[in-house]
Amino acid sequence: MVSHLLCLYSQIPKIHIDKSILNKMRNAFLLLVVALITSTSAVMAQSEPIVQISTSYGDIKLKLYNETPLHRDNFLELAKNGRFNGSVFHRVINRFMIQGGGSASLGTIDDRPMIPAEITPKYIHKKGALAAARTGDNVNPERKSSGSQFYIVQGRTYDVEMVKQMEARMGVTYTDEQRKAYAEVGGTPHLDMQYTVFGEVIEGLDVVDKIAAVKTHQADVPVEAIPMKVTVLSK
């Protein structure tokens, strides 16, 4: 009986596949996967909303991160409805940051509620970072953000060794790229993991420098008001 089954098995035609065809199929599949990943990444990058802050000193163009959707959507809503228009940069500190979207008393536009923190080590306070202002940890331990107040980082440069010392002191770990950003572009690393960074300047860093250099009086308020108009360029 066994020999009979073996005989039947031996009569079943065997299927032979050309290895060159398999290799071609595999390569085609890999190319398809790479193409899909590339196109998906491109779409994600292109879909980051772009906004523009227009001032008498020039325009600042920023992109809003999709990884911080609560802050992104809140900013877009305010901008789309023209709620930032006519408000001013009410706090300006040279070599630190420029702040707007409310008032020096931490008032918010339309008394908007605070936003849950979206703090991530991926986004740091490099020069040009767009971040949300907030009240201090003593009254806001969850580090929730103001419903409208934001700031744009100017800061200063730090050599790599100094950045490493700050990492040890703050208990954070930067990537080589982030350390390089602080060394070459500058920023305010002591604010990292304390405030939500939700975007960055893509054009107009020179305008940030101009605004940061204006004369100020008590409470870092500019002597001459700097009103803004915020426009959504793409969503």
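Here's a quick rundown of the structure. (Residues numbered from 1 in each chain as written. Predicted model: local features only at pLDDT ≥ 70, side-chain atom pairs only at ≥ 80, totals over all residues. Heavy atoms only, no water.)

For the protein chain, the count of helices and strands is 6 helices and 8 strands. Reading the secondary structure of the protein chain in the N-to-C direction produces α-α-β-β-α-β-β-β-β-α-α-β-α-β. Only carbon and sulfur atoms are counted for the fraction: they give 58% of the accessible area of the protein chain, which is about 13600 Å². (Helix = DSSP H or I, 4+ residues; strand = E, 2+ residues; numbered from the N terminus. Areas by Shrake-Rupley, 256 points an atom, 1.4 Å probe, with all protein chains shown as cover.)

Close contact between helix H4 (residues 160-170) and helix H5 (residues 176-184) brings their axes to 9 Å; oriented N to C, the two are set at 120°. Taken together, H4 and H5 sit at an angle that is classed as oblique. As for the relative orientation of H4 and H5, their crossing is right-handed in sense. Counting all contacts with H4, which are made through Val160, Val163, Lys164 and Glu167, the residues of H5 involved are Arg179, Tyr182 and Ala183. Here the contact of H4 with H5 is composed, by residue class, of 4 nonpolar, no polar and 3 charged. (Axes fitted to C-alpha atoms, helices over the stretch in contact; angles between N-to-C directions. Parallel < 35°, antiparallel > 145°, perpendicular 65-115°, else oblique. Left-handed = near helix turned anticlockwise from the far one by under 90°. Contact = heavy atoms within 4.5 Å. Nonpolar A, V, L, I, M, F, W, Y, C, P; charged D, E, K, R; others polar.)

Next up on the list: the nonpolar core. A general trend in soluble globular proteins is that nonpolar side chains are found buried together. Within the largest apolar cluster, 28 residues are counted, with the highest numbers of intra-cluster contacts made by Ile53, Ile60, Phe89, Ile98, Phe150 and Ile152. When contributions to this core are tallied by element, the ones reaching two or more residues are strand S1 (50-55), strand S2 (58-64), helix H3 (69-80), strand S3 (89-93), strand S5 (129-132), strand S6 (150-153), strand S7 (197-203) and helix H6 (205-212). Apart from the residues within four sequence positions on either side, Ile60 is in contact with Val51, Gln52, Ile53, Ile98, Ile152, Val201, Glu203, Gly204, Val207, Val208 and Ile211. Counting residues in hydrophobic clusters, the runner-up holds 11 residues, among them Phe96, Tyr123, Ala129 and Val197. (Core = buried A, V, L, I, M, F, W, Y, C linked by side-chain atoms within 4.5 Å. Buried < 20%, exposed > 50% of the residue type's maximum accessible area, 1.4 Å probe, protein only.)

What follows is about the environment of His71. Secondary-structure assignment places His71 in helix H3. For His71, a relative accessible area of 2% gives the class buried. Note: C-alpha distance between His71 and Pro116 (45 residues apart in sequence) is 8.6 Å. Ignoring sequence-local partners within four residues, the contact set of His71 consists of Ile115, Pro116, Ala117, Glu118, Ala132, Ser145, Thr196 and Phe198.

What is shown is where atoms sit, not what they do.
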